[in-house]
Amino acid sequence: MATREKVPPKRNSEALRRVVALINSKGGVFKTTLASNIAGLLAASDYRVLLVDLDPQGNVAEDLGYTNTDSDDEGQNLAQALAFGAPLEPIRDIRPNLDVAPGGAHLEAATAALTARMAKDPAGAKLALAIALAPIAHQYDMILLDCPPGDESLQTAAAAAARWLLIPVKSDASSRKGMAGVMNRLNAVLSDNPDLDLLGVVLTGIGKSATKIQQQARSAIAQAFGGSLDVTFERTVRHSEATALATRERGLLAHELDEVVRNGPKWYEVLRGEAQAQTLAPQSSTSVADDLVGVTEELIRRITEAETEGTAALAQEVSS
């Protein structure tokens with residue numbers, strides 16, 4: 001009796017055409033901050049969004065305020081989907097229009113499983129996340145993947161699932177070195193995901209007044225990508241320790257914290273004893289929120305322009 005050949009898995013290009021992986025091999029570059037806040041802002045703008053937390057640290061839970069709740073399975077469902085092909089079951093409406101596949105400690109087991117599978121079934125290991133996302137991707141206008149910095153197996157699975165890579169970097173050289181790791185991931189999955197492309201690089205943790213440092217960083221990034229200045233987003237994200245602390249302590253996103261600050265008591269009301277001062281409500285939240293809005297708007301613009309160009313090129317190809 002003839003044995004059937006196993007059909008190799010394939011990525012569903014149409015279903016996964018709006019999957020963005022936020023990725024850098026270096027930690028501490030605002031990946032989770034960007035992923036959570038972009039997801040929240042898009043959801044607030046009536047996009048249906050899925051945020052997938054691929055990090056065993058599970059910090060998306062702190063950003064969105066579901067740490068230590070019944071909803072937080074610490075990555076168990078996601079790990080089972082990656083390792084065994086179980087159906088992916090995100091938390092529904094963690095914010096209106098925003099679903100989340102939580103990360104956490106269980107993803108360490110998924111890493112071990114994917115690493116072992118790579119030796120026997122490399123395409124299956126690489127495409128594990130793509131296969132898990134495909135059945136539910138039609139429910140969303142955008143899917144964002146928050147990638148761990150040092151986990152090669154999970155980074156590779158994210159790159160194989162994604163249509164776009166978004167790389168957050170700080171201005172320092174070690175942060176930019178992390179981009180080399182991203183390019184390694186890209187090259188490792190192109191045979192299984194030829195649709196993968198770089199959406200851009202976002203400079204993070206840099207002040208608006210640091211123009212010289214920003215110019216140097218943009219130049220170095222352009223040089224790393226063949227001299228293209230367009231690779232770096234125009235908008236940057238500044239760092240505010242007070243805002244970072246307040247958002248995670250409260251489980252609020254930057255624009256949500258900004259709303260709290262705007263609607264809070266005025267200084268003169270506190271001085272008169274007419275109101276109590278808010279705790280963990282820094283004024284810097286407005287600036288950080290504005291930066292994140294700008295990056296989100298640029299992300300949508302870049303994707304829309306690329307899709308429009310792709311449609312035009314396809315139409316020209318059909319007519320010729």
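Residues numbered from 1 in each chain as written. Predicted model: local features only at pLDDT ≥ 70, side-chain atom pairs only at ≥ 80, totals over all residues. Heavy atoms only, no water.

Draft legend 1. Local environment of the overall build of the protein chain. When helices and strands are tallied, the protein chain shows 13 helices and 7 strands. Against the 2.2 N^0.38 benchmark of 20 Å for 320 residues, the protein chain shows a C-alpha radius of gyration of 21 Å, consistent with a compact globule. Taking the principal axes of its C-alpha atoms as reference, the protein chain extends roughly 90 × 50 × 40 Å. Expressed as a percentage of its 320 residues, the buried residues of the protein chain come to 49%. Partitioning the intrachain contacts of the protein chain with sequence separation of at least 6 by distance along the chain shows that 80% fall at a separation of at least 24. Surface exposure of the protein chain reaches about 15400 Å², of which carbon and sulfur atoms provide 51%. One finds the centroid of the 31 positive side-chain charges in the protein chain at a distance of 5 Å from the centroid of its 41 negative side-chain charges. (Helix = DSSP H or I, 4+ residues; strand = E, 2+ residues; numbered from the N terminus. Rg over C-alpha atoms; globule rule 2.2 N^0.38 Å. Buried < 20%, exposed > 50% of the residue type's maximum accessible area, 1.4 Å probe, protein only. Contact = heavy atoms within 4.5 Å. Areas by Shrake-Rupley, 256 points an atom, 1.4 Å probe, with all protein chains shown as cover. Lys, Arg positive; Asp, Glu negative; His and termini not counted. Charge placed at Lys NZ, Arg CZ, Asp CG, Glu CD.)

Draft legend 2. Focus on the sheet that holds strand 5 (residues 142-146). Reading across from one edge, 3-4-2-5-1-6-7 is the order of the 7 strands in this open sheet, with mixed pairing throughout. Two strands close off the open sheet at either side, each with one partner strand: strand 3 (91-95) and strand 7 (197-203). Put simply, the sheet's adjacent strands are angled 25 degrees from each other on average, direction ignored. By the bridge criterion, 2 bridges tie strand 3 to strand 4 (residues 98-101) in an arrangement that is antiparallel. Note on strand 4: the bridge partner recorded for R95 is L98. (Pairing = 2+ DSSP bridges. Axes fitted to C-alpha atoms, helices over the stretch in contact; angles between N-to-C directions.)

Draft legend 3. Layout of the packing of aromatic side chains. Enumeration over the complete set of coordinates arrives at 0 aromatic pairs. It is R163 that lies over the ring of W164; its NZ or CZ is 4.0 Å from the centre. (Phe/Tyr/Trp six-rings, centres within 6.5 Å; stacked < 30°, edge-to-face > 60°. Lys NZ or Arg CZ within 6 Å of the ring centre and 35° of its normal.)

Draft legend 4. Layout of the pairing of strand 2 (residues 49-53). Burial within strand 2 is extensive, with 5 of its 5 residues counted as buried. The alternating pattern of strand 2 places V49, L51 and D53 and L50 and V52 on opposite faces, both of which are buried. Looking at chain direction, strand 2 and strand 4 are connected through 4 bridges and run parallel. The partner of V52 across the bridge, within strand 4, is A101.

Draft legend 5. A look at the nonpolar core. With 51 residues, the main nonpolar core has V52, L54, L82, L129, L133, I143 and L145 as its most contacted residues. Residue contributions to this core peak at 6 residues, all from helix 7 (residues 152-161). Once residues within four sequence positions are removed from consideration, I143 is found in contact with R18, V19, V20, L50, V52, L133 and A137. Residues A43, L98, F233 and A254 belong to the second largest nonpolar core, which totals 37 residues. (Core = buried A, V, L, I, M, F, W, Y, C linked by side-chain atoms within 4.5 Å.)

Draft legend 6. Fine view of helix 10 (residues 241-250). All of the buried residues in helix 10 are T243, A246 and T247. Take helix 10 and look down its axis: the buried residues cluster within an arc of 95 degrees, on one side only. Facing away from the buried side of helix 10, by more than 90 degrees, are the exposed residues E241 and E249. Trailing helix 10 by a residue or two, G251 shows a phi angle of about 70 degrees, which is positive. (Arc of directions from axis to C-beta.)

Draft legend 7. Main features of the side chain of K31. On the secondary structure map, K31 appears in helix 1 (residues 31-44). One buried charged side chain, K31, makes no salt bridge at all; its nearest oppositely charged neighbour is D146, positioned 6.1 Å away. Among the polar contacts listed, one links the side chain of K31 to the backbone oxygen of K26, at a separation of 3.2 Å. (Salt bridge = Lys/Arg side-chain N within 4 Å of Asp/Glu carboxyl O. Polar contact = N/O pair within 3.5 Å; in protein donor to acceptor, adjacent residues only side chain to side chain.)

Draft legend 8. A look at the confidence of the model for the protein chain. For the protein chain, the mean per-residue pLDDT works out to 88, and 90% of the residues sit at or above 70. The low-confidence segment residues 264-271, where pLDDT is below 50, has 10 contacts with residues more than four positions distant or belonging to other chains. (pLDDT = per-residue confidence, 0-100.)

Draft legend 9. Looking closely at unusual backbone geometry. Of note, N68 is a non-glycine position whose phi angle comes to about 60 degrees, a positive value. With a relative accessible area of 72%, N68 lands in the exposed category. One non-glycine residue, N97, adopts positive backbone phi at about 75 degrees. Looking at the element boundaries, N97 is found in the loop between strand 3 and strand 4.

Draft legend 10. View of the layout of surface pockets. Counted as a void, the largest pocket has a volume near 540 Å³. Along its surface, the largest pocket is lined by 28 residues, and F30, T32, T33, D63 and R248 are the ones closest to its centre. A per-element tally of the lining of the largest pocket places helix 10 first, with 6 residues. (1 Å grid on protein atoms, 1.4 Å probe; cavity = no way out; pocket = protein on both sides within 12 Å on 5 of 7 lines; lining within 4 Å. Points joined across faces, edges and corners; volume = space filled by probe spheres on them.)

Draft legend 11. Fine view of helix 7. The buried fraction of helix 7 is high, at 9 of 10 residues. You can read the cap of helix 7 off the contacts: a side-chain oxygen lies 3.2 Å from the backbone nitrogen of S153, and it is on D151.

Draft legend 12. Examining the pattern of salt bridges more closely. Tallied over the entire structure, the rule returns 16 salt bridges. Note that R48 and D93 form a salt bridge whose closest N and O atoms lie 3.3 Å from each other. Placement of the pair is R48 in the loop between helix 1 and strand 2 and D93 in strand 3, with a sequence separation of 45 residues. According to the relative accessible area criterion, R48 is partly exposed, its value standing at 23%. Since its relative accessible area comes to 48%, D93 is described here as partly exposed. In this structure, the salt-bridge partner of D121 is R117, at a minimum N-O distance of 3.3 Å. You can call R117 partly exposed: its relative accessible area is 30%.

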